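Residue-level structure breakdown
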Amino acid sequence: MAAPQEDVGSAPVLSRLRALLDEAVAAGALSTGSKIPTERALSTTLQASRAAVRAALGELERDGRITRHVGRGTFLTELEAEPGLPPAARGPLQTSPAEIMATRLVLEPEIAALAARHATPADLEHIEHCLRRGNATATYEEFEAWDSALHRAVAAAAHNGLLLRLFDTMNAARDLPVWGSIKRRSASPERRRGYEQCHAEIVTALTERDADAAREHMRRHLVDVRTNLLGQH
């Protein structure tokens, strides 16, 4: 008799599904608005029951990571095209690197503090996975993809749907050409090592459930990023 598929609750499957999607995004196989594999295909890939995969997809949909359309399939969320958002949130964002960093400094330290309080074991496992994958990358593009995935995983771990929506709207601005150009020009091996160290400190604070340390490490990290991009403020 074949061994039964894993169906021990959605958390382990949810963590593996998040990692699978992040890896596909980092590799360029998926992007915002892409259709993801079917429940049946994901069940085979993840070696999990259809029910467990369906539950994990439901969690991602509640987090705003995916949208499901009957008869069409399941897609990575594209906030700009999502109905119900005000017009200013749909079209190309009109902003600047300075505005992006100012907004990140308002939102992300408090998000990190909330994540330290509310992250589940599966959330922490996913955050640590993003940290490891980012540290193991060989190219600038791969590191940037995993950097973005790590910050998004922290935001999701706060378990606040409105904050996550605000984070995703803000994070979409990082796809603007002006952001990519200035970020690439500022990149260096020394700065990458500094970012890796900051990321490790943030993750340690999260795993230790230290909200004050998580807030402060995230704030210091973002101040470093702002200084590297824009100079001293």
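Refer to the structure printed above.
Notes on the structure follow. (Residues numbered from 1 in each chain as written. Predicted model: local features only at pLDDT ≥ 70, side-chain atom pairs only at ≥ 80, totals over all residues. Heavy atoms only, no water.)

Looking now at the environment of A55. Within the fold, A55 resides in helix α3 (residues 50-63). When its relative accessible area of 34% is taken as the criterion, A55 is described as partly exposed. Considered as a pair, A55 and V13 are 42 residues apart in the sequence and their alpha carbons are 8.8 Å apart. (Helix = DSSP H or I, 4+ residues; strand = E, 2+ residues; numbered from the N terminus. Buried < 20%, exposed > 50% of the residue type's maximum accessible area, 1.4 Å probe, protein only.)

Turning our attention to the pattern of salt bridges. A full pass over the atoms with the stated rule returns 16 salt bridges. What you see here is one network of salt bridges that share partners, running through E39, R50 and R54. (Salt bridge = Lys/Arg side-chain N within 4 Å of Asp/Glu carboxyl O.)

Phi is positive for Q47, close to 55 degrees, though the residue is something other than glycine. Following the sequence through the fold, Q47 ends up in the loop between α2 (39-46) and α3. Q47 sits in the exposed class, given a relative accessible area of 53%.

Bringing α3 into the picture now. With 14 residues, α3 extends 20 Å between its outermost C-alpha atoms, agreeing within 8% with the 20 Å of an ideal straight helix rising 1.5 Å per residue. Within α3 the residues assigned to the buried category are A52, V53, A56, L57, G58, L60 and D63. Remark: G64 follows α3 within two positions and exhibits a positive phi of approximately 85 degrees. (Expected span 1.5 Å × (residues − 1).)

On to helix α6 (residues 140-157), then. Along its 18 residues, α6 runs 26 Å from first to last C-alpha, staying within 8% of the 26 Å computed at 1.5 Å per residue. Taking burial as the measure, the 18 residues of α6 include 13 buried ones, the bulk of the element. Phi for H159, located one or two positions after α6, is positive at around 55 degrees.

Bringing the packing of α2 against α3 into the picture now. Across the interface, α2 lies against α3 with an axial gap of 9 Å and an inter-helix angle of 110 degrees. Classified by the interaxial angle, the pair formed by α2 and α3 is roughly perpendicular. Across from E39, R40, L42, S43 and L46 in α2, the residues of α3 making contact are R50, V53, R54 and L57. Split into classes, the residues belonging to the contact of α2 with α3 amount to four nonpolar, one polar and four charged. (Axes fitted to C-alpha atoms, helices over the stretch in contact; angles between N-to-C directions. Parallel < 35°, antiparallel > 145°, perpendicular 65-115°, else oblique. Contact = heavy atoms within 4.5 Å. Nonpolar A, V, L, I, M, F, W, Y, C, P; charged D, E, K, R; others polar.)

Taken together, the four bridges between strand β1 (residues 66-69) and strand β2 (residues 73-76) define a ladder with antiparallel strand orientation. If you follow R68 over to β2, its bridge partner there is T74. The hairpin turn running from β1 into β2, its antiparallel successor, is three residues long, and G71 in that turn takes a positive phi close to 85 degrees. (Pairing = 2+ DSSP bridges.)

With that out of the way, let us pick up the nonpolar core. Membership of the largest hydrophobic core comes to 44 residues, with the highest contact counts inside it found for I111, I127, V154 and L206. Broken down by secondary-structure element, the contributors of at least two residues to this core are α4 (97-118), α5 (121-136), α6, α7 (161-172), α8 (177-186), α9 (189-207) and α10 (211-230). For V154, the contacting residues outside a window of four places in its chain are I111, A112, A115, I127, L206 and M218. In terms of nonpolar packing, the next biggest core, distinct from the first, is built from 17 residues, V13, L17, A24 and L60 among them. (Core = buried A, V, L, I, M, F, W, Y, C linked by side-chain atoms within 4.5 Å.)

Right, let's talk about empty space enclosed by the protein for a bit. Evaluation of the coordinates by the stated rule reveals three cavities of 30 Å³ or more. Counted as a void, the largest cavity has a volume near 50 Å³. Taken together, R104, F143, D147, H151, R174, K183, Y195, H199, H221 and V225 make up the lining of the largest cavity. When contributions to the lining of the largest cavity are tallied by element, the ones reaching two or more residues are α6, α9 and α10. No other element matches the three residues that α6 contributes to the lining of the largest cavity. When grouped by side-chain class, the residues that make up the lining of the largest cavity number three nonpolar, three polar and four charged. (1 Å grid on protein atoms, 1.4 Å probe; cavity = no way out; pocket = protein on both sides within 12 Å on 5 of 7 lines; lining within 4 Å. Points joined across faces, edges and corners; volume = space filled by probe spheres on them.)

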